[in-house]
Amino acid sequence: MPARRVARVLVDSPLPQLDRLFDYAVPLDLVERARAGVRVKAPLRSAGRTVEGWIVEVIDEEPSDRPLSDLEDVVSPIAVLPPSLYALARKVSDRAAGSVSGILKVAVPRRMVRAEKAHLAADAPPHPAVPAESIAWARTRLAAFPDAAQILHEHGRGALTAPPGVEAVGAVPDDTTGGYVGAWAQLLVAMAVDLLARGRSTVIVVPDHRDQDHVEKVLRARLPEGATVRLDARQSGPARYAAYLRVLAEAPCVVVGNRSAVYAPASDLGAVLVWDDGDPLLAEPLSPGVHARDAALVRQELEGCALVFAGHTRSTDVERLVSVGWIREIAPVRRVIPKTLLSATREGEGRGQRIPSAAFAAAREALEHGPVLVQVARPGYAPVLVCASCRLPARCEHCGGPLHAARHGAVPSCRWCGRSAPAWRCAQCEATSLRMASSGSERTADELGRAFPGVRVIVADGDHPVSEVDARPALVVATRGAEPIAAGGYRAVVLLDAERMLLAEELRIGESCLRWWSNAAALAAPGAPVHLVGVAGPVARAFATWNQSAYARSELAERTPLRMPPVVRVAALEGDRRAVTDALAVLQREVDGLGDGAVLGPVETQDGTVRALVRFDYARGTAVTQNLRSSVIAAALRSRRPAKGRPRSPGNTLRVRVDVPDLDL
């Protein structure tokens, strides 16, 4: 008997027990089209239905009596799952105790028939020709960071503190047509241009659309059309799928996008560049919740490309890798730092005065030459209201949400349910008067407008997005992360509400504040003063000396005896008490060396389930994640629909998330 063709299929299903390859016989009429990487339809006998999936491998098997179901159909002739992407998804999902289909749901866009037909009808994209002037520009840029060029060419790993500053997109300083971008964007694009000139692709991963716009502006100015591929969640379905198909082509390109772009299967990958890995937007919320930083580290190890983490600050995760020698620090030839100042309230000034006299005078002087940036903590007018008598926070009587005021004299309303509270009464002292306990972006703009009459005041926050401002004098009041870029840079930067930002109950709040302040300070013009108002201590000293990596090292030193991330990894187990306790018992029995304080909990949660945390060293990561994944599969199998006449087994719901974000701790 002749050998039969067998396709090994990964089923597209979130069920953990289906996270493996299933063998299917390939019918004769599908032999030509059933190739590795294509989408197919296959019967799932255990469920009695047809499911979609991807062919991972096609083999010729000797004739045997092993019964195999036949593939039903090939959905698409395009191999959208190359072997390198499957290997990456498998490795990343195993590290996170998750399923491959969860990773591929993020990495591979949904199929769009019209975009696919247009791709099949078009010619293959040509290899882009990089202009000679762009190559010279890129190498001049990289000359300021010699280690960066070496890491790119030797496929190493590096951590780079980007230079602050704002630059024109064009080749000449007085360019007014292309706009302005951060100096960091020019540096990342220089790396990509250098690699593309050598025939290698680059993947640039950024947190949000504002950073992406900066990178794309420089790419359009330096590379020909077709050399850059945008791949992000803001695109329409057809546009994103068409971009993904372009990335699959053999011609090298530069891919730029948000966290999902880290999986882009670019041809002949030369480097993955991750900007500002400390930004929480790079943490994937969908299961299994793999951070873009971790996916990039796994990809570099599997594919042997270069990897560079860049930012104005250094996350503790990257600093840990630098300290153990896994990542090399990239030092500049000449260090450039902004003019940072710590401003405090002087003797004789009001204790409640928000802007000290030194910062106020600096802003007044700078307004004679151009725009001034004022960073605040929160949007709105009065984000927090309290009782005027006892200072108890004002709460909605319907849902318990916090009350806020949209403008001066407005009726307070609830942030959660939106109901107004015209007849509010304090639950503690029965008072009816409210007091504004904080100032948002709109109230700050109102106050500064009165302090600087005749000066433009621009509000930039989530409700009032502003991407750029011109070089004319203006007061720009922006919330953290929403600061627009100014032509030529801001003539002064005032960072308000710094003390309020540091009061948040988060493990990494100091690290986050340093990142917010540094990103805003990087928008200042050369020599412009940057005033940090009202804080002192290690985080303020690190900002004043522009030595963010030293602060990351001190944070690591403090967390080491406490065994807090990123010194150790953390896994969260949630579900029914029986499932969680059984999983913990199996874990402690089968994995050696966890220690007495490895397990925290379980404790009751608001939805009636329980939750436990497991802390473990990186060396035991594989053993712990495999064990937890086995417990998830076992719980899922026990909770399947029982046969007729048999009762359902209670208490078998179990969810596991590894490398828990700090907000969930």
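Just so it is clear, the structure is predicted and the values come from calculations on it, not from any experiment.

**Student:** Sorry, what's going on with the overall build of the protein chain here?
**Tutor:** For the protein chain, the count of helices and strands is 18 helices and 30 strands. Considered along the principal axes of its C-alpha atoms, the protein chain spans approximately 95 × 70 × 45 Å. Contacts in the protein chain between residues far apart in sequence, at least 24 positions, make up 71% of those at least 6 positions apart. Carbon together with sulfur atoms contributes 51% to the accessible area of the protein chain, which is approximately 30300 Å² in total. Looking at charge distribution, the protein chain has the averaged site of its 82 positive side-chain charges lying 3 Å from that of its 75 negative ones.

**Student:** In this structure, what is going on with helix α17 (residues 577–590)? I would like to understand it.
**Tutor:** Every α-helix carries 3.6 residues per turn, so stepping three or four residues along brings you back to the same face. Between its first and last C-alpha, α17 extends 20 Å over 14 residues, near the 20 Å set by a 1.5 Å rise per residue. Considering only its buried residues, α17 is in contact with β27 (569–575), β28 (599–604), β29 (610–616), α18 (621–638) and β30 (654–658).

**Student:** When you look at the pattern of salt bridges in this model, what are you seeing that I'm missing?
**Tutor:** If charged atoms from side chains of opposite charge come close, those side chains can pair. Scanning the entire structure with this criterion turns up 47 salt bridges. Across the pair Arg-629 and Asp-19 runs a salt bridge, and its minimum N-O distance is 3.6 Å. Note that Arg-629 is positioned in helix α18 and Asp-19 in the loop between β1 (4–11) and β2 (21–25), a separation of 610 residues in sequence. Using a relative accessible area of 13% as the deciding quantity, one classes Asp-19 as buried. We note a salt bridge from Asp-659 to Arg-569, for which the minimum N-O separation is 3.0 Å.

**Student:** What should I look at first to understand a positive patch on the surface in this one?
**Tutor:** On the surface, a cluster of positive charge is made up of Arg-378, Arg-415, Arg-480 and Arg-500. Within the secondary structure layout, Arg-378 lies in the loop between β16 (371–376) and β17 (385–387).

**Student:** Help me understand the sheet that holds β27 in this model?
**Tutor:** Strand-to-strand pairing in sheets goes through backbone hydrogen bonds, with the strands running parallel or antiparallel. Judged by pairing direction, the sheet is antiparallel, and its four strands sit side by side in the order β28-β29-β27-β30 without closing on themselves. Looking at strand neighbours, the two that pair on one side only are β28 and β30, the edges of this open sheet. Neighbour-to-neighbour, the strand axes of this sheet turn through a mean angle of 15 degrees, independent of strand direction. Relative to β29, β27 runs antiparallel, the two sharing seven bridges.

**Student:** Could you clarify how one ought to interpret the packing of aromatic side chains in this entry?
**Tutor:** The relative placement of two aromatic rings is captured by the distance of their centres and the angle of their planes. Under the criterion given, the structure shown has four aromatic pairs. Chaining the aromatic ring pairs together yields one cluster made of Trp-517, Phe-543 and Trp-546. The ring of Trp-326 has Arg-157 sitting right over it, with the charged end atom 3.7 Å from the ring centre.

**Student:** Even after reading the chapter, I still don't get the environment of Gly-462, so can you show me in this structure?
**Tutor:** With respect to the secondary-structure elements, Gly-462 resides in the loop between β21 (456–460) and β22 (468–469). Looking at Gly-462, the relative accessible area reads 70%, which means it is exposed. For the pair formed by Gly-462 and Val-336, sequence separation is 126 residues and the distance between their alpha carbons is 31 Å.

Conventions we followed
Residues numbered from 1 in each chain as written. Predicted model: local features only at pLDDT ≥ 70, side-chain atom pairs only at ≥ 80, totals over all residues. Heavy atoms only, no water. Helix = DSSP H or I, 4+ residues; strand = E, 2+ residues; numbered from the N terminus. Contact = heavy atoms within 4.5 Å. Areas by Shrake-Rupley, 256 points an atom, 1.4 Å probe, with all protein chains shown as cover. Lys, Arg positive; Asp, Glu negative; His and termini not counted. Charge placed at Lys NZ, Arg CZ, Asp CG, Glu CD. Expected span 1.5 Å × (residues − 1). Salt bridge = Lys/Arg side-chain N within 4 Å of Asp/Glu carboxyl O. Buried < 20%, exposed > 50% of the residue type's maximum accessible area, 1.4 Å probe, protein only. Patch = residues over 30% accessible without salt bridge, like charges linked within 9 Å, V, L, I, M, F, W, Y side chains within 5 Å. Pairing = 2+ DSSP bridges. Axes fitted to C-alpha atoms, helices over the stretch in contact; angles between N-to-C directions. Phe/Tyr/Trp six-rings, centres within 6.5 Å; stacked < 30°, edge-to-face > 60°. Lys NZ or Arg CZ within 6 Å of the ring centre and 35° of its normal.

Any functional reading would require information that these geometric values do not contain.
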